[in-house]
Amino acid sequence: MYLTRFRINTARAGARFLLSSPQRLHSAVLAGFPGLPTDPATRPRILWRLDHSDRTDLQLYLVSPDRPDLTHLVEQAGWPALAEPASPGWESRNYQPFLQRLAKGDRWAFRLTANPVHSIRRKDGEPTKRTAHVSPRHQLGWLLQQQTRHGFELAPGVMPEAEDPLDQYAVVVHGRRDLSFRKRPDHPAPETEQKNREGRRRGPVTLVTAVFSGKLEVTDPDALRSALTQGIGRGKAYGCGLLTLAPET
C-alpha cells in the first residue's frame, strides 16, 4: 500500500477544470495507474481526498495498492517546470510499515472527508430512500455509528458530560459541500455502445460531504487498517472515505 500527496496548482486552467467535477478528478486519479480493469467491480480500491488548507493551498491525497505515476497531473495541474527526477511533483511513501505499527490504545489525530447518509421511509409501504445528513450534529451522529466496525473511538472533548454531542467529543465537523455533477464512464465505451446510450442520459449525481477533524483511540487495529485502506462510507470514487492519521499535537 502507498500513501501519496500531490499539491495542486490552483492557478492553472487545467487544475480548475479537474476541480469543477469529482468525476473528472476521479478519472484523472485512475489514469495514474496503468493497466486497471475497465470494470469497476474488479478494480482494486483507490481512495483519494482533497484537503483545503486555504483558498490556494490544495493537497490531493491518495491511498492505493500500487505506487502511482502522476506525471499527467503534474503537466495539467501541478508545477512541471519545478519537477525533478528526485522530486517529480508528488510524494509516495510505503504505507505498510505505518499500518503494521498500529496498536490498541494508540491515540491519533485524524481527518476524514465523508458522505454521511442514512436510509429513511417517508410513508409506510414505500421503499427506503438514501438521504444525506446535512447538519453537523447529525453528521457527527453518523460518524459515531462507524466507530465499532472500523476499529476506533472518538476521544472525549473538553465537555464530555455536555448534552450536545458536538461538545462531548474531540472532533470538529466542518467543510460541508453540496455537489452535483453528471456521471460519465471512466473508460469511454466503443462508438456503437456510446450511440446506444445517448437516449438514456443519467440524472446528476448529488453528494453532501463533510470534513471531520479530531482525535481518536485505536480499539481494533485490524479493523482500523481496513478502514484506512478501504475507506469509510459511500462516495469513495468521488473523494470521500479516505481516513488519515497523524501524531497528536
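Residues numbered from 1 in each chain as written. Predicted model: local features only at pLDDT ≥ 70, side-chain atom pairs only at ≥ 80, totals over all residues. Heavy atoms only, no water.

Engineer: How would you explain the overall build of the protein chain if you had to name every residue and give the values?
Structural biologist: Scanning the protein chain from N- to C-terminus turns up 8 helices and 11 strands. By residue count, 42% of the 249 residues in the protein chain fall in the buried class. Nonlocal contacts in the protein chain, meaning residues at least 24 apart in sequence, comprise 72% of its contacts between residues at least 6 apart. As displayed, the protein chain offers around 14200 Å² of accessible surface, 49% of which is attributable to carbon and sulfur atoms. (Helix = DSSP H or I, 4+ residues; strand = E, 2+ residues; numbered from the N terminus. Buried < 20%, exposed > 50% of the residue type's maximum accessible area, 1.4 Å probe, protein only. Contact = heavy atoms within 4.5 Å. Areas by Shrake-Rupley, 256 points an atom, 1.4 Å probe, with all protein chains shown as cover.)

Engineer: Help me get a handle on the environment of Val-117, residues and values and all.
Structural biologist: Here Val-117 shows up in strand β6 (residues 117–120). C-alpha of Val-117 to C-alpha of Val-208: the two residues are 91 residues apart in sequence and 8.5 Å apart in space. If sequence neighbours within four positions are ignored, Val-117 has contacts with Arg-130, Thr-131, Ala-132, His-133, Trp-142 and Arg-234.

Engineer: So what's going on with the side chain of Gln-146? Which residues, and what values?
Structural biologist: On the secondary structure map, Gln-146 appears in helix α5 (residues 136–150). Ignoring any residue separated from it by four or fewer positions in sequence, one finds Gln-146 in contact with Phe-152 and Ile-232.

Engineer: Outline the pattern of salt bridges, supporting the account with residue identities and numerical values.
Structural biologist: By the definition in use, this model includes 9 salt bridges. Arg-7 is the salt-bridge partner of Asp-57, the closest N and O atoms lying 3.6 Å from each other. Of this pair, Asp-57 sits in strand β3 (residues 57–64) while Arg-7 sits in strand β1 (residues 2–9), and the two are 50 residues apart along the sequence. Among the ionic pairs, Arg-225 bridges to Asp-222, the shortest N-O distance being 2.5 Å. One end of the pair, Arg-225, and the other, Asp-222, are both in helix α8 (residues 221–230), 3 residues apart, so they sit about a helical turn from each other. A relative accessible area of 16% places Arg-225 in the buried class. Overall, Asp-222 belongs to the exposed group, its relative accessible area being 55%. The network of salt bridges with shared partners includes Arg-5, Glu-91 and Arg-93. (Salt bridge = Lys/Arg side-chain N within 4 Å of Asp/Glu carboxyl O.)

Engineer: Lay out α5 in plain terms, naming residues and giving numbers.
Structural biologist: Working note: α-helix, 3.6 residues per turn, so residues spaced by three or four point in the same direction. End to end, α5 covers 21 Å across 15 residues, agreeing with the expected 21 Å (1.5 Å per residue, within 8%). For α5, the set of buried residues is Gln-139, Leu-140, Trp-142, Leu-143, Gln-146, Gln-147 and His-150. Seen end-on, α5 carries its buried residues on one side only, within an arc spanning 170°. For α5, exposure combined with an orientation more than 90 degrees from the buried face picks out Gln-145 and Thr-148. (Expected span 1.5 Å × (residues − 1). Arc of directions from axis to C-beta.)

Engineer: Quick rundown of empty space enclosed by the protein? Include the residues and the values.
Structural biologist: Under the criterion given, the structure shown has 1 cavity of 30 Å³ or more. Counted as a void, the largest cavity has a volume near 40 Å³. Lining the largest cavity are Phe-6, Ile-8, Ala-15, Leu-18, Leu-19, Leu-25, Leu-60, Leu-73 and Ala-77. Of all the secondary structure elements, the ones that give two or more residues to the lining of the largest cavity are β1, α1 (13–19) and α3 (71–77). With 3 residues, the single largest contributor to the lining of the largest cavity is α1. For the lining of the largest cavity, the class distribution of residues is 9 nonpolar, no polar and no charged. (1 Å grid on protein atoms, 1.4 Å probe; cavity = no way out; pocket = protein on both sides within 12 Å on 5 of 7 lines; lining within 4 Å. Points joined across faces, edges and corners; volume = space filled by probe spheres on them. Nonpolar A, V, L, I, M, F, W, Y, C, P; charged D, E, K, R; others polar.)

Engineer: Can you break down the nonpolar core residue by residue, with the values?
Structural biologist: Formed by 29 residues in total, the largest nonpolar core has its most connected members in Phe-110, Leu-143, Phe-212, Leu-224 and Leu-245. Among residues more than four places away in sequence, those in contact with Leu-224 are Leu-102, His-150, Gly-151, Phe-152, Val-218, Leu-243 and Leu-245. In terms of nonpolar packing, the next biggest core, distinct from the first, is built from 21 residues, Ile-8, Leu-60, Ala-77 and Trp-90 among them. (Core = buried A, V, L, I, M, F, W, Y, C linked by side-chain atoms within 4.5 Å.)

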